[in-house]
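This is what each chain is made of:
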Amino acid sequence: MVYKTVTLKAAFILGFLALLVAGTVFKEVLVLPFFIAIIVFSFFFTLKQLAEMTWIILIVSSFFGSILSIPGYESLFLYRILLPVQALLLLLTWKDWSWLDRRIRGLLLLLIGWLITASITLIWAQYQVAGFRNLYYIIEAIYLIGTGVYYLDSKKKLERLALLVCGVIIINIGVGVYEITTGLHLKKSALVGAIGNVQFLPSGTFFNPNDLASFLVLFLPVVLVYMRSETIVGKTVKIVLSFMSVYIIVATQSRIALVLIIGVLFLLILKKSWKWGLIILLTIPLFLQLPAMQEITEQVNKTYTEKNNSTDFRLEITDYTWQTVLDTHFVGVGPGNVQMKLAQYFPVDEQNEEGNISVHNFLLEVLANYGLLSALCLFLFLYLVWHFSFRLWRVNKNREAWYMLPLIISVAFPFISFASSTTLEKSYVWISFGIILAVLNHYFKRTELKNEKNYTCNM
């Protein structure tokens, strides 16, 4: 019996390896080991455990995109493969709505309202294919937010995610330093083939420098707040991550991200110790005089003084987008259509690879694409997220730093949406909102439970 078991295991391993080798020649075969792995895992884990594991892998893989793709099939990457698998596992393991606080439920309903009202505008959209593609990204955004609340239902799970995100940040810092030094980039980067100074901008595992900078602004605070650092090694890792993240953001030349990351780090330092915050503030002028800081200081100066053309171009896009809103009488041109409408106002050399013009202003883009009613649903969602986050911080401002995290992310989002060209398609943005709502939901449920106990005791 033992002999047969060993033989079967050996046959399975050899067959698995054979499929991987065959995949180097016939790339379609590489899909088979993936599904075999899922089947095997299902024997060792419950469906619920498998769903949670798949979600974590889905989130981490989203930060890498097409880098984790089947060779020769760059459009078929791990994130896209896992998304429908995870959705199926979610349906199979779904429980009731008792885990969701009524306020968070209201926020998710506003997102559903955003999707429904946006879908209505597809009726008169000129470019239907672009419309369906755009609506898919809204569905994906809602899914990432909703599942974030569902799976991150404890502080321990948030700490586990923070540890994984820390690894992602370290990888991006390493890739970023390599790009700055060599001028070479990963295949998915928009900087491949760039010349001049642009060639040495970092984009990490993301599409462009702004995406990398925005990712660091949103997720470095998550790591600093939730990753345990009782040891000297842990504290050193956080300090090095902070300095290197600022260095990478300076190199991306993202002005908004630079202001945000400095503000966020200063707030977290003040939260930890106002004395250290004051000391750092007073020593910054002396620190900037060091010879090693001269190059960084010069880069920051160039970032804020030599990008007038970029600023003027974005202001021009904003003017034309607002004119489109007025021309449609606030009913919208249809999902994803404003980018194509704007192309008629700009020459070909100023358009992107798809022949469109990115709005670089997500809130205005929502209004132009989906109209006022849909925009109100999203704007109300954003306002309530900020409102709940502010209340969370105000009530607990003398307690742990994690009470400040939702407020930091919710305040940073509108500014980041100006820097990014296509905010809707950036999965990391919606994952960060999933984290915010998970923190709020956990706090609301815990507070509600405590109030119920107090009420019972008083009776």
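If you're wondering where the values come from, they're calculated on a predicted model, not measured in any experiment. (Residues numbered from 1 in each chain as written. Predicted model: local features only at pLDDT ≥ 70, side-chain atom pairs only at ≥ 80, totals over all residues. Heavy atoms only, no water.)

Overview of the overall build of the protein
- Looking only at helices and strands, the protein features 17 helices and two strands.
- Residue pairs at least 24 apart in sequence account for 73% of intrachain contacts in the protein once pairs closer than 6 positions are excluded.
- Approximately 24,100 Å² of the protein is accessible, and the part contributed by carbon and sulfur atoms is 69%. (Helix = DSSP H or I, 4+ residues; strand = E, 2+ residues; numbered from the N terminus. Contact = heavy atoms within 4.5 Å. Areas by Shrake-Rupley, 256 points an atom, 1.4 Å probe, with all protein chains shown as cover.)

Structural notes on the pattern of salt bridges
- Applying the stated criterion across every chain yields a total of five salt bridges.
- Here aspartate 101 makes a salt bridge to arginine 103, at a shortest N to O gap of 3.0 Å.
- Put simply, lysine 157 and aspartate 153 hold a salt bridge, and the shortest N to O gap is 2.9 Å.
- For aspartate 153, a relative accessible area of 38% puts it in the partly exposed group.
- Each of the salt bridges in this network shares a partner with another, and the network as a whole consists of Glu52, Asp153 and Lys157. (Salt bridge = Lys/Arg side-chain N within 4 Å of Asp/Glu carboxyl O. Buried < 20%, exposed > 50% of the residue type's maximum accessible area, 1.4 Å probe, protein only.)

As for the nonpolar core
- Core analysis: the largest hydrophobic core is formed by 120 residues, its most contacted members being Phe63, Trp114, Phe219, Phe381, Trp430, Phe433 and Leu437.
- Among the elements that make up this core, the one with the highest residue count is helix α15 (residues 362-395) (14 residues). (Core = buried A, V, L, I, M, F, W, Y, C linked by side-chain atoms within 4.5 Å.)

Comments concerning the side chain of glutamate 159
- The topology assignment puts glutamate 159 in helix α7 (residues 155-182).
- The class for glutamate 159 is buried, based on a relative accessible area of 16%.
- When neighbours within four sequence positions are excluded, glutamate 159 is seen to be in contact with Tyr226 and Arg228.

Some details on the packing of aromatic side chains
- Going through the model one piece at a time under the given rule, you end up with 29 aromatic pairs.
- Aromatic side chains tyrosine 150 and tyrosine 151 sit 5.0 Å apart centroid to centroid with 85° between the ring planes, which places their arrangement in the edge-to-face category.
- Taking relative accessible area as the criterion, tyrosine 150 reaches 10% and is therefore assigned buried.
- Through a chain of ring-to-ring contacts, three or more aromatic side chains come together here, namely Trp114, Phe362, Tyr370, Phe381, Phe413, Trp430 and Phe433. (Phe/Tyr/Trp six-rings, centres within 6.5 Å; stacked < 30°, edge-to-face > 60°.)

Here's the deal with helix α4 (residues 78-93)
- The end-to-end C-alpha distance of α4 is 22 Å, a good match for the 22 Å that 16 residues give at a rise of 1.5 Å each.
- Listed in full, the buried residues belonging to α4 are Tyr79, Ile81, Leu82, Leu83, Val85, Gln86, Leu89, Leu90 and Thr93. (Expected span 1.5 Å × (residues − 1).)

Notes on unusual backbone geometry
- Non-glycine residue histidine 329 carries a positive phi angle of around 55°.
- As for its placement among the helices and strands, histidine 329 is situated in the loop between α13 (308-327) and α14 (338-342).
- Phi is positive for histidine 360, which is not a glycine, with a value near 60°.
- Among the secondary structure elements, histidine 360 is positioned in the loop between α14 and α15.
- A relative accessible area of 17% means that histidine 360 is categorised as buried.

Some points on helix α16 (residues 405-419)
- Helix length check: α16 (15 residues) gives 21 Å between terminal C-alpha atoms against 21 Å at 1.5 Å per residue, within 8%.
- Along its length, α16 reaches its greatest deviation from straightness, about 35°, at phenylalanine 413, and the proline proline 414 lies no more than four positions downstream.
- Counted residue by residue, α16 has 11 buried out of 15 residues, so it is predominantly covered.
- Inspection of α16 places Leu405, Pro406, Leu407, Ile408, Ile409, Ser410, Ala412, Phe413, Ile416, Ser417 and Ala419 among the buried residues, and these make up the whole buried set. (Bend = angle between axes of the 7 residues up to and from the residue.)

Remarks on the packing of helix α8 (residues 209-226) against α16
- The contact between α8 and α16 brings their axes to 10 Å, and the two run at 175°. By the criterion of interaxial angle, the relationship of α8 to α16 is roughly antiparallel. Residues Asn210, Ser214, Val217, Leu218, Pro221, Val222 and Tyr226 of α8 touch α16, and the partners they reach there are Leu405, Ile408, Ile409, Ala412, Ile416 and Ala419.
- Tallied by class, the residues present in the contact of α8 with α16 amount to 11 nonpolar, two polar and no charged. (Axes fitted to C-alpha atoms, helices over the stretch in contact; angles between N-to-C directions. Parallel < 35°, antiparallel > 145°, perpendicular 65-115°, else oblique. Nonpolar A, V, L, I, M, F, W, Y, C, P; charged D, E, K, R; others polar.)

Here we look at a nonpolar patch on the surface
- A cluster of nonpolar side chains, Leu109, Ile112, Ile116, Ile120, Ile123, Trp124 and Val331, forms an exposed patch at the surface whose accessible area comes to about 690 Å².
- Structurally, tryptophan 124 is set in the loop between α5 (102-120) and α6 (128-151). (Patch = residues over 30% accessible without salt bridge, like charges linked within 9 Å, V, L, I, M, F, W, Y side chains within 5 Å.)

A word on the side chain of threonine 252
- As for its placement among the helices and strands, threonine 252 is situated in helix α9 (residues 232-252).
- The exposure class of threonine 252 is buried, given its relative accessible area of 3%.

Things to note about the environment of isoleucine 261
- Position of isoleucine 261 relative to the elements: it lies in helix α10 (residues 255-272).
- According to the relative accessible area criterion, isoleucine 261 is buried, its value standing at 0%.
- Apart from residues lying up to four places away in sequence, isoleucine 261 is in contact with Leu216, Val217, Leu220, Val246 and Ile249.

Some remarks on the confidence of the model for the protein
- Of all residues in the protein, 78% have pLDDT values of 70 or greater, and the mean over the chain is 82.
- Of all the helices and strands in the protein, helix α1 (residues 2-23) carries the lowest mean pLDDT, 57, while α5 carries the highest, 95. (pLDDT = per-residue confidence, 0-100.)

Remarks on the packing of α5 against α6
- Where α5 contacts α6, the axes come no closer than 10 Å and their chain directions differ by 170°. Here α5 is positioned roughly antiparallel relative to α6, judged by the angle of their axes. Only Leu135, Ile138, Ile139, Ile142, Ile145, Gly146 and Val149 of α6 make contact with α5, whose side of the interface consists of Ile104, Leu108, Leu111, Ile112, Trp114, Leu115, Ala118 and Ser119.
- In terms of residue class, the contact of α5 with α6 is built from 13 nonpolar, two polar and no charged.

Remarks on the environment of glutamate 316
- Secondary-structure assignment places glutamate 316 in helix α13.
- Once the C-alpha coordinates of glutamate 316 and tyrosine 345 are considered, the two residues, 29 residues apart in sequence, prove to be 9.8 Å apart.

Side note on the environment of asparagine 210
- Tracing the chain through its elements places asparagine 210 in helix α8.
- Asparagine 210 sits in the buried class, given a relative accessible area of 18%.
- Sequence separation of asparagine 210 and glutamine 253 is 43 residues, and the distance between their C-alpha atoms is 8.1 Å.
- Residue contacts for asparagine 210: discarding those within four places in its chain leaves Ser254, Arg314 and Ala419.

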